[in-house]
Amino acid sequence: MDLSLKNKVFLISGGAKGIGRAISETLQLEGAIPVIIDPSKEVGKLVLGKGCGLHIPLRLETPADSESAVNHAFSTFGRIDGLVNNAGTNDRVGLEQGNPEAFARSVQKNLMHYYELAHFSLPYLKKSKGSIVNISSKTAITGQGGTSGYVAAKGAQLALTREWAAELLPYQIRVNAVIPAEVFTPLYENWLNSFSQPEEKLNEITHRIPLGKRMTTPQEIANMVVFLLSEKASHITGQQLFVDGGYTHLDRAL
Ligand code: NAP
């Protein structure tokens, strides 16, 4: 299927590692131009290789960071066709192991740049009739325990997906969310290593994933995201798409 993405420009926050990296690489394979906003200098360069694209080595922390990343992308390429809000960290700020200040910081670092990048990209997305994909998490639906800040941000991302899909209807800008559950990435590996027996924990989890008793690959998430960014998804908006081998919804006894 030709996704007609050639020479289109897409911003990907956290696009140098894990799920974001797979999205950046898949866009490149489709002939699109990924703009990777991610602090990982070496990896960012590696992902782009000799292909077309731009790495903005930045950790998004303030509105000014998002504004400058969007301006940098537009001044380099003269267009923005889509945004993938992906950067996030499961930082385990819970009710018991946490405090109000840490909670506020966790929400800030997992949520605010989703709004800020969308806000500052909007004038360009209006011109291109672009598309936004928000990467959320199944923890927003199921809970995880011990991670209030991250989950509050992930839930808000789902609410904003519907809200923005409604607000942006007049501009034909589509907004969707993709919900991963268990994907082996550097983030996931860090989380796993917080258990005393990471391998046992991994076996326990993969055994509960209905389809194939295996983790979802970053590529499987990227395939959905890139499809949603393309005009082949031209009548899909405001949706929450679970790419999780049935983990969130199918009977655990299966
Ligand atoms: P990852 O392996 O940690 O990769 C994320 C990348 O984003 C890293 O390069 C990270 O840089 C960068 N990053 C983090 N905060 C940033 C910021 N404020 N500004 C710019 N870049 C930033 O994570 P992942 O597992 O691919 O997760 C990607 C998304 O999927 C997240 O939103 C996560 O919540 C969601 N998700 C993942 C899973 C899973 O199973 N992996 C499940 C559900 C949801 P540093 O490494 O330097 O921080």
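Structural data are supplied above this passage.
Residues numbered from 1 in each chain as written. Predicted model: local features only at pLDDT ≥ 70, side-chain atom pairs only at ≥ 80, totals over all residues. Heavy atoms only, no water.

Q: Mind showing me how you'd approach the overall build of the protein chain here?
A: When helices and strands are counted, the protein chain shows nine helices and seven strands. Dimensions of the protein chain, computed from the C-alpha atoms along their principal axes, are close to 50 × 45 × 40 Å. Out of the 254 residues in the protein chain, the part that is buried amounts to 47%. Counting contacts in the protein chain only where the partners sit at least 6 residues apart, residues at least 24 apart contribute 69% of the total. Carbon and sulfur atoms make up 54% of the accessible area of the protein chain, which totals about 12300 Å². Placing the 25 positive and 24 negative side-chain charges of the protein chain at their respective mean positions leaves the two points 4 Å apart. (Helix = DSSP H or I, 4+ residues; strand = E, 2+ residues; numbered from the N terminus. Buried < 20%, exposed > 50% of the residue type's maximum accessible area, 1.4 Å probe, protein only. Contact = heavy atoms within 4.5 Å. Areas by Shrake-Rupley, 256 points an atom, 1.4 Å probe, with all protein chains shown as cover. Lys, Arg positive; Asp, Glu negative; His and termini not counted. Charge placed at Lys NZ, Arg CZ, Asp CG, Glu CD.)

Q: What should I look at first to understand the packing of aromatic side chains in this one?
A: Aromatic ring pairs: the centre-centre distance and the angle between the two ring planes describe each pair. One pass over the structure, following the stated rule, counts four aromatic pairs. Measuring from ring centre to ring centre gives 4.1 Å for Phe 74 and Tyr 124, while their planes differ by 15°; the resulting arrangement is stacked. On the criterion of sequence distance, the pair formed by Phe 74 in helix H3 (residues 63–77) and Tyr 124 in helix H4 (residues 100–128) is long-range, its members being 50 residues apart. Judged by relative accessible area, Tyr 124 falls into the buried class, the value being 17%. In this structure an aromatic cluster arises from ring pairing among Phe 184, Tyr 188, Trp 191 and Phe 195. The ring of Phe 195 has Arg 92 sitting right over it, with the charged end atom 5.8 Å from the ring centre. (Phe/Tyr/Trp six-rings, centres within 6.5 Å; stacked < 30°, edge-to-face > 60°. Lys NZ or Arg CZ within 6 Å of the ring centre and 35° of its normal.)

Q: Hey, could you run me through the pairing of strand E1 (residues 9–13) in this one?
A: Residues in a regular strand point their side chains to alternate faces of the sheet. With five of five residues buried, E1 is to be regarded as a mostly interior element. Burial along E1 is two-sided: the face carrying Val 9, Leu 11 and Ser 13 and the face carrying Phe 10 and Ile 12 are both buried. Here E1 runs beside strand E2 (residues 33–37); their pairing, made up of five bridges, is parallel. Each residue of the ladder has a partner; that of Val 9, found in E2, is Ile 33. Traced from E1 through helix H1 (residues 18–29) to E2, the parallel crossover comes out right-handed. The sheet contact formed by E1 and strand E4 (residues 82–85) spans three bridges and is parallel. Bridging across to E4, Phe 10 finds its partner in Gly 82. (Pairing = 2+ DSSP bridges. Right-handed = clockwise from strand over helix to strand, strands pointing away.)

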